[in-house]
Amino acid sequence: MRFRSYDALKIFDSVARNLSMTKAADELHQSKGSISYQVGKLEAELGFRLFERAHAKLELTEEGRRLWHVSQTALRQIDREIEDLRGSASGAVTIGALTYFSSRWLSPRLTRFFEANPGISLRIEPISSLDMLKSVRVDMAVLWGIGGWEGHKSELLLSLPAVPTANRAVAEQVRQLGLAEAVRHLPLLGDSSGDAGWRAWHKAAGLPYAPSRSSLTIPDSNSRVQAVLDGQGIALWDDLVAPELTDGTLVRLSDVRVENAGYFVISTDRPMSQGAEAFLDWLRAESDRSDGPV
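These numbers come from a predicted model, not from an experiment.

1. Considering the sheet that holds strand β10 (residues 262-267)
Inference 1: Within the open sheet, the five strands sit side by side as β4-β3-β5-β10-β6. Their pairing is mixed. This sheet does not close on itself; its edge strands, each paired only once, are β4 (122-126) and β6 (154-159). The mean angle between the axes of side-by-side strands here comes to 25°, regardless of whether they run parallel or antiparallel.
Inference 2: In this sheet, β10 lies alongside strand β5 (residues 140-145) in antiparallel orientation, the contact comprising six bridges. Looking at β10, one finds that L143 is bridged to F264.

Structure (structure tokens):
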């Protein structure tokens, strides 16, 4: 029997996120009774319970957790595709970029782009890896790496050497262990290049790449900055974390740098519009005048 209650999945998503019929009702501008009825109807159609009540609180059942996980992915994909289609229809230039790059380098400079190009609309799509270009429709992408974008045309936009960085507490652990031991025992947080960045740093440092089995993968780059600030491990960062380095919340752990690291513009097979070409020309000009964070 085919599933038909797709609208109910959005209601289920809201209740699952809030773990509250009342909050979901407020969010969706419906009555609590209507939300409860539609969740019950969905459970009847599915043939299993989605929620259990525990001490007057809602909790997802195991079946509910599994369904919520897959429905979140599907709903996000649908919403993203709709936004992509809207962007295509409106003629907006869509840029895929790391959240770290967008917030620390791109956003502070965008006023200059709009002043020079008042007729162009931009849409910034957060991406965290080259693989995401298979599912996200963009005119171009900006990713961190050390080159080698197989199957894609790329150009270096901004050269920024990267060094191992940690908060002060982790830096003290590194001092006590010694750097060579620390990078073997403390978690090394990955980045959009996978482990290519860390492999390049180990090679430059003359150390074997033998990271700890304890790992923490955080695809979103801004969230990874926060993880380092919270002491979750060591990450490779560049001069875009200058504010944290200046105030001492982050510490460079070594003078050994990944010299050929930086931010690359990755071209897609999508024909480039005049607006996209104008944005790319502006990016190049901004990178030429760039001296780090604004």
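2. What to know about the pattern of salt bridges
Inference 1: Across all of its chains, the model carries 16 salt bridges by this definition.
Inference 2: The salt bridge involving E125 is made with R123; its shortest N-O contact spans 2.9 Å.
Inference 3: Judged by its relative accessible area of 7%, E125 falls in the buried class.
Inference 4: Between D195 and R199 there is a salt bridge, with the nearest N and O atoms lying 2.9 Å from each other.
Inference 5: According to the relative accessible area criterion, D195 is partly exposed, its value standing at 32%.
Inference 6: Three or more residues are tied together by salt bridges with common partners; here these are D13, R17 and E27.

Calculation criteria
Residues numbered from 1 in each chain as written. Predicted model: local features only at pLDDT ≥ 70, side-chain atom pairs only at ≥ 80, totals over all residues. Heavy atoms only, no water. Pairing = 2+ DSSP bridges. Helix = DSSP H or I, 4+ residues; strand = E, 2+ residues; numbered from the N terminus. Axes fitted to C-alpha atoms, helices over the stretch in contact; angles between N-to-C directions. Salt bridge = Lys/Arg side-chain N within 4 Å of Asp/Glu carboxyl O. Buried < 20%, exposed > 50% of the residue type's maximum accessible area, 1.4 Å probe, protein only.

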